[in-house]
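Observations on the three-dimensional arrangement
Residues per chain, in single letters:
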Amino acid sequence: MKSHTTFAIGAVLAAAGIGLGAFGAHGLKDMVEPALLANWETGVRYHMYGALAMLAVSLRPEQRRAPWFLLAGAVVFGGSLYVMALTGARWLGAVTPLGGVLLIVGLLIAAWDVRRAAARPAAETPERVGVGH
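Read on for an overview of the structure. Just so it is clear, the structure is predicted and the values come from calculations on it, not from any experiment.

Grouped together as the largest cluster of nonpolar side chains are 27 residues, with contacts concentrated most on Trp40 and Leu70. Every element with two or more residues in this core is listed here: helix H1 (3–27), helix H2 (34–57), helix H3 (66–87) and helix H4 (96–119). If you tally residues by element for this core, the top one is H2, at nine residues.

In structure tokens:
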């Protein structure tokens, strides 16, 4: 994923996280039981972690793989908890950890790719050859 696309998706993901957080705090507090509202809030928190990580990795042009994992992780983790809070389908709690694993893998890939890029000679870095812009 190109840097500018990663940034745009991260910004939209963060905006959605803020909106969903506000909806949970104001629109859902009288509609769902407290335990389900807590699940919603956890979903928003990890949704925002994914969004902030996307914004951070967008600053590095070698980040091509990590954004996909971060996006998928934020959607699966947050999405499963949002649907659970709205429907009461607690079985979705079994899906949520997959989103967490995707977020962790995305961050580990980001670290790996930065480390690999730092180890390359300057002439081979993506910034020098026009990759990622």
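Moving on from the model shown.
Applying the stated criterion across every chain, the model contains three salt bridges. The partner of Arg60 in a salt bridge is Glu62, and the shortest N-O contact between them spans 2.9 Å. Asp113 is the salt-bridge partner of Arg65, the closest N and O atoms lying 2.6 Å from each other. Of this pair, Arg65 sits in the loop between H2 and H3 while Asp113 sits in helix H4, placing them 48 residues apart in sequence. Its relative accessible area of 39% is what places Arg65 among the partly exposed residues. Classification of Asp113 as buried rests on a relative accessible area of 5%.

Turning to the packing of H1 against H3, a few remarks are in order. Two numbers describe how H1 lies on H3: the axes approach to 11 Å, and their chain directions differ by 15°. Relative to H3, H1 is oriented roughly parallel. The two elements H1 and H3 cross, and the hand of that crossing is left-handed. Facing Thr6, Ile9, Leu13 and Leu20 of H1, the residues of H3 in contact are Pro67, Leu71, Ala74 and Tyr82. Here the residues of the contact of H1 with H3 are counted per class, giving seven nonpolar, one polar and no charged.

Attention now moves to the packing of aromatic side chains. Where two aromatic rings form a pair, the distance of their centres and the angle of their planes describe that pair. Applying the stated criterion across every chain, the model contains four aromatic pairs. Between the aromatic rings of Tyr46 and Phe77, the centroid separation amounts to 4.5 Å while the plane-to-plane angle is 35°, which identifies the pairing as tilted. With Tyr46 in helix H2 and Phe77 in helix H3, the pair connects residues that are 31 residues apart, well separated along the chain. Among the residues examined, Tyr46 registers a relative accessible area of 31% and is labelled partly exposed. Under the relative-accessibility criterion, Phe77 is labelled buried at 10%.

The rules behind each value
Residues numbered from 1 in each chain as written. Predicted model: local features only at pLDDT ≥ 70, side-chain atom pairs only at ≥ 80, totals over all residues. Heavy atoms only, no water. Core = buried A, V, L, I, M, F, W, Y, C linked by side-chain atoms within 4.5 Å. Buried < 20%, exposed > 50% of the residue type's maximum accessible area, 1.4 Å probe, protein only. Helix = DSSP H or I, 4+ residues; strand = E, 2+ residues; numbered from the N terminus. Salt bridge = Lys/Arg side-chain N within 4 Å of Asp/Glu carboxyl O. Axes fitted to C-alpha atoms, helices over the stretch in contact; angles between N-to-C directions. Parallel < 35°, antiparallel > 145°, perpendicular 65-115°, else oblique. Left-handed = near helix turned anticlockwise from the far one by under 90°. Contact = heavy atoms within 4.5 Å. Nonpolar A, V, L, I, M, F, W, Y, C, P; charged D, E, K, R; others polar. Phe/Tyr/Trp six-rings, centres within 6.5 Å; stacked < 30°, edge-to-face > 60°.

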